[in-house]
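Remarks on the overall topology
What follows is each chain in one-letter form.
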Amino acid sequence: MTTDPQPVAASGASPETERLLARIRAGEKGCFLELIQPYARSIYLVANSILKNREDAEEVAQETVFRAFQRLDQLRDIGSLKSWLLQIAVNEARQRLRHRQRHPCVSLDEEFGDEAQVMPRQLADWREIPSVTLERKETREHLRRALERLPPHYRQVFLLRDVQHLAEKEAAQVLGVSASTVKMRLHRARLQLREDLAPVFRKRWKDRLSALWSKS
Amino acid sequence: MISCEHVIHELSSYIDGDSDPELRQAIERHLRGCRRCSVVLDSTRKLLLIYGDEDVLEVPAGYFERLRTSFLARVSR
């Protein structure tokens, strides 16, 4: 097995990226880590959105980086490095999931129906959310758990589109589904997450009243 | 006047700026007169702002270092 990648087209790449690619070509394999560093976090989060297991997601991330290095010659456009890496991560994670479930014939795309319409029931205003609230461990835990409670395909689409900010077409390509499927799943993921998190972020009138009373 | 169901169905496209201009105007007319749909739109936008901050979801402590160590060990074989 070779671990020496062929050069990738560097058209449109930043001077920094071109410099890194040149060094990788020259055999400085460690430079590949610098090239993918901006996306290392995304790789883990995408793997975890499929596996919902930290150890597995981390192993998949490690596998993804190594595979990407081996297949660097298959990357045609350095501008799509992020979605290319995430596509490898999705494939590696799905492979691991199949292995874990030992049900290779189960379709990963049909675990639940996509037909149900989501209608909002939580109709309270959300308060303005200061960054200090988001820095709290408790809030982050709420956000992480809410994401984990989403059905797998909603979660994966939401993560790629609204957390990783991939374009609709890129997310569709990474997941191997149509753009209209991405659009529909994203819509439902957003509504469901909003519904789920409403009790956490809604205006707490009772809290405000107690604060007023405690001052008097 | 379009219904609340219609507005909710189109909410994501509206937020992403994908609705056609005529539908967009109809949604905006509806939102001016419907507090419930306005609240859903506003809270959905806040949701996207919260999750759009990439640091909100954490990676395990030591993840980057282990990634580096694993990679360097494999390519040096």
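Residue positions are given per chain, counted from 1 along the sequence in the order it is written. Whichever chain is written first becomes A and whichever ligand is written first becomes 1, with later ones labelled in order. A pLDDT threshold of at least 70 governs which residues receive local features in this predicted model, and a stricter bar of 80 or more applies before side-chain atom pairs are shown or counted, although totals over entire chains, interfaces and linings include all residues.

Let us now look at the overall build of chain B. Strands here are runs of E lasting at least two residues and helices are runs of H or I lasting at least four, both read from the DSSP assignment and numbered beginning at the N terminus. Within chain B, the secondary structure is distributed over 4 helices and 0 strands. Mapped in sequence order, the helices and strands of chain B form the string α-α-α-α. Within these notes, the globule rule equals 2.2 Å times the number of residues to the 0.38 power, and the radius of gyration is based on C-alpha atoms. A compact globule built from 77 residues would reach a C-alpha radius of gyration of about 11 Å, whereas chain B, at 22 Å, exceeds it by more than 25%. Across its three principal axes, chain B shows a C-alpha extent of roughly 65 × 20 × 15 Å. Relative to its 77 residues, chain B shows a buried fraction of 19%. Buried means a residue has 20 or more other C-beta atoms within 10 Å of its own C-beta, exposed means 12 or fewer, and partly exposed covers the counts in between; C-beta atoms are placed from the backbone.

Before going further, it helps to examine the interface of chain A and chain B. Two residues form a contact once the distance between their C-beta atoms, set from the backbone, is within 7 Å. Between chain A and chain B, the residue contacts involve 35 residues of the former and 32 residues of the latter. For the side of chain A that touches chain B, the elements supplying multiple residues, two or more each, are helix H3 (40–51), helix H4 (54–70), helix H7 (137–149), helix H8 (152–163) and helix H10 (179–201) of chain A. No other element matches the 8 residues that H10 of chain A contributes to the side of chain A that touches chain B.

Let's shift gears to the packing of H3 of chain A against H4 of chain A. All names here are of chain A. The axes are straight lines fitted to the C-alpha atoms, using for helices just the contacting stretch, and the angles between their N-to-C directions are given from 0 to 180°. Between H3 and H4, the shortest axis-to-axis distance is 8 Å and the interhelical angle comes to 130°. When the axes of H3 and H4 are compared, the pair comes out oblique. The chirality of how H3 crosses H4 is right-handed. Residues Ile43, Tyr44, Ala47, Asn48 and Leu51 of H3 pack against Arg54, Asp56, Ala57, Glu58, Val60, Ala61 and Thr64 of H4. Basically, the charged four are Asp, Glu, Lys and Arg, the nonpolar ten are Ala, Val, Leu, Ile, Met, Phe, Trp, Tyr, Cys and Pro, and anything else, Gly included, counts as polar. Partitioned by chemical class, the residues of the contact of H3 with H4 number 7 nonpolar, 2 polar and 3 charged. Note on angle classes: values under 35 degrees are labelled roughly parallel, values over 145 roughly antiparallel, values of 65 to 115 roughly perpendicular, and the remainder oblique. With the far helix as reference, a near helix turned anticlockwise by less than a right angle produces a left-handed crossing, and one turned clockwise produces a right-handed crossing.

Peptide bonds are mostly trans, and most non-glycine residues show a negative phi. Residues and elements named next belong to chain A. The backbone phi angle of lysine 52 is positive, close to 50°, even though this residue is not glycine. Of note, lysine 52 is situated in the loop between H3 and H4. We classify lysine 52 as partly exposed; it has 14 C-beta atoms within 10 Å. One non-glycine residue with positive phi stands out, namely histidine 165, at about 60°. Note on placement: histidine 165 falls in the loop between H8 and helix H9 (168–175). You can call histidine 165 partly exposed: it has 13 C-beta atoms within 10 Å.

Turning our attention to the packing of helix H1 (residues 4–16) of chain B against helix H3 (residues 35–52) of chain B. Residue and element names in this part refer to chain B. Close contact between H1 and H3 brings their axes to 11 Å; oriented N to C, the two are set at 25°. In terms of axis orientation, H1 runs roughly parallel to H3. Considering how the two elements wind past one another, H1 and H3 form a crossing that is right-handed. Counted together, Cys4, Val7, Ile8, Leu11 and Ile15 of H1 and Arg36, Cys37, Val40, Leu41, Thr44 and Arg45 of H3 form the full contact between these two elements.

Residues and elements named next belong to chain A. For alanine 89, the position within the fold is in helix H5 (residues 81–101). With 25 residues separating them in the primary sequence, alanine 89 and threonine 64 have C-alpha atoms 5.4 Å apart. Apart from residues no more than four positions distant in its own chain, alanine 89 is found in contact with Ile43, Val46, Ala47, Val60, Ala61 and Thr64.

All names here are of chain A. Examined at the domain level, chain A breaks down into domain 1 (15–101) and domain 2 (131–204). Each of domain 1 and domain 2 has a C-alpha centre, and the two are 22 Å apart. Of all elements in the fold, only H3 and H5 reach the threshold of two or more residues within the side of domain 1 that touches domain 2. At 5 residues, the largest contribution of residues to the side of domain 1 that touches domain 2 is made by H3. Split by residue class, the side of domain 1 that touches domain 2 holds 5 nonpolar, 4 polar and 1 charged. Per the annotation, domain bounds derive from an automatic or database assignment of domains.

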